[in-house]
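As a plain string of letters, each chain reads:
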Amino acid sequence: MIKQFTVITLFPEFISDYLRIGVVGSAVDKGIIKLNLIDLRDFSVARNGRIDDSSYGGGPGMVFAVPPVRAAITSAKINASGDSHVMYMSPQGTCFDQARVEDLRDLEHIIILAGRYEGIDQRLIDQDVDSEWSVGDYVLSGGELPSLIVIDAITRTIPGVLGSDESAKNDSFSNGLLDFPHYTRPAVIEGAQVPQVLLSGNHLEIARWRRKNALGRTYVERPDLLSNKFLSDGDRELLREFLQENDFL
Ligand code: 4GY
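The shown structure was predicted, so the numbers you read here are calculated from the model rather than taken from an experiment. Residue numbering note: each chain is counted from 1, following its sequence as written. Where totals are concerned, whole chains, interfaces and linings use all residues; where local detail is concerned, this predicted model gives features only for residues with pLDDT of at least 70, and gives and counts side-chain atom pairs only at 80 or more. The basis for the side-chain values is all heavy atoms of the structure; hydrogens and waters are excluded.

## What about helix H3 (residues 66–78)?
Since the α-helix packs 3.6 residues into each turn, any two residues three or four apart lie on the same face.
Phase 1 of the analysis: Segments assigned H or I by DSSP are reported as helices when at least four residues long, segments assigned E as strands when at least two residues long, and all are numbered from the N terminus. Here the expected span of a helix is defined as 1.5 Å times the quantity of residues minus one. For H3, spanning 13 residues, the distance from its first C-alpha to its last is 18 Å, which sits close to the expected 18 Å at 1.5 Å a residue.
Phase 2 of the analysis: Between buried and exposed lies partly exposed: a residue is buried under 20% and exposed over 50% of the maximum accessible area for its type, with that area taken using a 1.4 Å probe on protein chains only. Here H3 has its buried residues at Val66, Pro68, Val69, Ala72, Ile73, Ser75 and Ala76.
Phase 3 of the analysis: Any two residues whose heavy atoms approach within 4.5 Å at even a single point are treated as in contact. Along its buried surface, H3 packs onto strand S1 (3–9), strand S2 (33–39), strand S4 (62–64), strand S5 (84–95), strand S6 (109–113) and helix H5 (122–127).

## Digging into the pattern of salt bridges
Phase 1 of the analysis: The term salt bridge refers to a side-chain nitrogen of Lys or Arg lying within 4 Å of a carboxyl oxygen of Asp or Glu. Evaluated as defined, the whole model comprises 11 salt bridges.
Phase 2 of the analysis: Across the pair lysine 212 and glutamate 241 runs a salt bridge, and its minimum N-O distance is 3.2 Å. Remark: glutamate 241 occurs in helix H10 (residues 233–245) and lysine 212 occurs in helix H8 (residues 203–221); sequence separation between them is 29 residues.
Phase 3 of the analysis: Put simply, Arg208, Lys212, Glu241 and Glu245 are held in one network by salt bridges that share partners.

## Structural notes on the pairing of S6
Phase 1 of the analysis: The buried fraction of S6 amounts to 5 of the 5 residues, a majority that puts the element mostly inside the structure.
Phase 2 of the analysis: Neither face of S6 is left uncovered, since the one carrying His109, Ile111 and Leu113 and the one carrying Ile110 and Ile112 both have all their residues buried.
Phase 3 of the analysis: Pairing of S1 with S6, which is carried by 5 bridges, proceeds in the parallel orientation. Bridge pairing links threonine 6 to isoleucine 111 in S6.
Phase 4 of the analysis: Should DSSP find at least two bridges between two strands, the strands are taken to pair. As paired elements, S5 and S6 share 5 bridges and run parallel to each other. Within S6, the residue paired with serine 84 across the bridge is histidine 109.
Phase 5 of the analysis: In this region the chain leaves S5, passes through helix H4 (residues 98–104) and returns to the parallel neighbour S6; the handedness of that crossover is right-handed. If you view a crossover with the strands going away from you and the path from the first strand over the helix to the second runs clockwise, you call it right-handed.

## Let's talk about the sheet that holds strand S7 (residues 131–134)
Phase 1 of the analysis: Taken together, 5 strands build an open sheet; the order of strands is S2-S1-S6-S5-S7 and the sheet is parallel. Of all strands in the sheet, those with a lone pairing partner are S2 and S7, marking the two edges. Within the sheet, the average angular offset between the axes of one strand and its neighbour, ignoring direction, is 30 degrees.
Phase 2 of the analysis: Taken together, the 5 bridges between S5 and S7 define a ladder with parallel strand orientation. What counts as an axis is a line fitted to C-alpha atoms, over the stretch in contact for a helix, and the angles between N-to-C directions run from 0 to 180 degrees.

## Section: the site of the ligand
Phase 1 of the analysis: Near, as used in this document, describes a residue that has one of its heavy atoms within 4 Å of the molecule or strand being considered. The ligand sits among 18 residues. The nearest are Tyr88, Val135, Gly136, Tyr138 and Leu140.
Phase 2 of the analysis: Pairs of N or O atoms are called polar contacts if they sit within 3.5 Å, as long as, within protein, a hydrogen donor faces a hydrogen acceptor (for residues adjacent in sequence, only side-chain-to-side-chain pairs). Within the backbone of serine 90, one N or O atom sits 3.3 Å away from a nitrogen atom of the ligand.
Phase 3 of the analysis: One nitrogen or oxygen atom from the main chain of leucine 140 is found 2.9 Å from an oxygen atom belonging to the ligand.
Phase 4 of the analysis: All accessible-area figures derive from a Shrake-Rupley calculation using a 1.4 Å probe, and residue coverage is judged against the displayed protein chains alone. In isolation the ligand exposes 390 Å². Once the protein is present, 96% of that is buried.
Phase 5 of the analysis: Two kinds of site are reported from a 1 Å grid over the protein atoms alone, namely cavities, where a 1.4 Å probe fits but cannot get out, and pockets, open sets with protein on both sides within 12 Å along at least five of seven lines, and residues are called lining when an atom falls within 4 Å of a point. Think of it this way: a molecule belongs to a cavity or pocket when more than half its atoms come within 2 Å of the grid points there. Structurally, the ligand is housed in the second largest pocket.
Phase 6 of the analysis: Among the residues making up the shell around the ligand, the classes are represented as 10 nonpolar, 7 polar and 1 charged. Residues are grouped as follows: Ala, Val, Leu, Ile, Met, Phe, Trp, Tyr, Cys and Pro are nonpolar; Asp, Glu, Lys and Arg are charged; every other residue, Gly included, is polar.

## Overview of a nonpolar patch on the surface
Phase 1 of the analysis: Only residues whose relative accessible area exceeds 30% and that take part in no salt bridge are eligible for patches, with like-charged residues grouped when within 9 Å of each other and nonpolar side chains (Val, Leu, Ile, Met, Phe, Trp, Tyr) grouped when within 5 Å. Together, Phe11, Phe14, Tyr138, Leu140 and Leu145 make up an exposed nonpolar region whose accessible area comes to about 450 Å².
Phase 2 of the analysis: With respect to the helices and strands, the residue tyrosine 138 is situated in the loop between S7 and helix H6 (144–155).

## A look at the environment of valine 135
Phase 1 of the analysis: Following the sequence through the fold, valine 135 ends up in the loop between S7 and H6.
Phase 2 of the analysis: Those residues in contact with valine 135 that sit more than four places away from it in its chain are Met89, Leu140, Pro146 and Ile149.

## With respect to the pairing of S1
Phase 1 of the analysis: The element S1 is largely enclosed, with a buried count of 7 among its 7 residues.
Phase 2 of the analysis: Both faces of S1 are covered, namely the face carrying Lys3, Phe5, Val7 and Thr9 and the face carrying Gln4, Thr6 and Ile8.
Phase 3 of the analysis: Here S1 pairs with S2 via 7 bridges, running parallel. Each residue of the ladder has a partner; that of phenylalanine 5, found in S2, is leucine 35.

## A short note on the packing of aromatic side chains
Phase 1 of the analysis: Think of it this way: a Phe, Tyr or Trp ring, Trp meaning its six-membered ring, pairs with another when their centres are within 6.5 Å, and the plane angle makes it stacked under 30 degrees, edge-to-face over 60, tilted otherwise. Tallying each qualifying case throughout the model produces 3 aromatic pairs.
Phase 2 of the analysis: Considering the side-chain rings of phenylalanine 64 and tyrosine 117, the 5.7 Å spacing of their centres and the 75 degrees angle between planes classify their relative orientation as edge-to-face. Pair noted here: phenylalanine 64 is in strand S4 and tyrosine 117 is in the loop between S6 and H5, with a separation of 53 residues, a long-range link.
Phase 3 of the analysis: A relative accessible area of 1% means that phenylalanine 64 is categorised as buried.
Phase 4 of the analysis: Assessed through its relative accessible area of 42%, tyrosine 117 is described here as partly exposed.
Phase 5 of the analysis: Residues phenylalanine 242 and phenylalanine 248 carry aromatic rings whose centres are separated by 6.5 Å and whose planes lie at 10 degrees to one another, so their mutual orientation is stacked.
Phase 6 of the analysis: On the basis of relative accessible area, phenylalanine 242 is assigned to the buried category, the value being 8%.

Take a look at the structure:
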């Protein structure tokens, strides 16, 4: 089954430029995913092409009105086969993380609503939107970047999208840990050495070093990620080693 994404936005060209390149671009070329862009302007009910109006209660800023957005969502649903799921991107949403990415991967057609200005009429969120998501605790100027984040993160988890050498990158977060450090030639630059074990050719020792550093980094930089993760006795030992070697203990 081809997975479909539709983005409803005032700036479709911004979305299409990003999605043409790299991993997502090749997923489109391979026919693994299909992307549809809907220009919200096409669904304006006003002669002047506007889709927004001022906020009830007063104050500055404009709000996307119900009729054009609702019409755009309906059109998106009609033009796709199978079930559709409407996502709205905003700071009020549920935190979008790798675990959520894997839940969303199984949906047939994802419609992403990219807001602008002060946002959209709450009745759209209540009646037309299936889930509301945040990509982080900061405020952006629009939902376009978050919609790209959603499409990118989901697409790279679909089987066949990544080549085998790239797949490892997904593992690094799917295992709930931060990635281990990477190095490339030269082995020494201005006195800075690549860790000896990585040059040893001993694959068992290398895997152990990588696991140890992934655990250690996660413990130091993002202890929150470890708090609900089961660590085996082996992992605990590796973590203890890391903390000792790096003078944390
Ligand atoms: N953070 N995560 C975010 C955002 C800004 C709708 C226009 C975020 O997902 N979206 O900051 N969006 C948008 C929200 C109105 C500004």
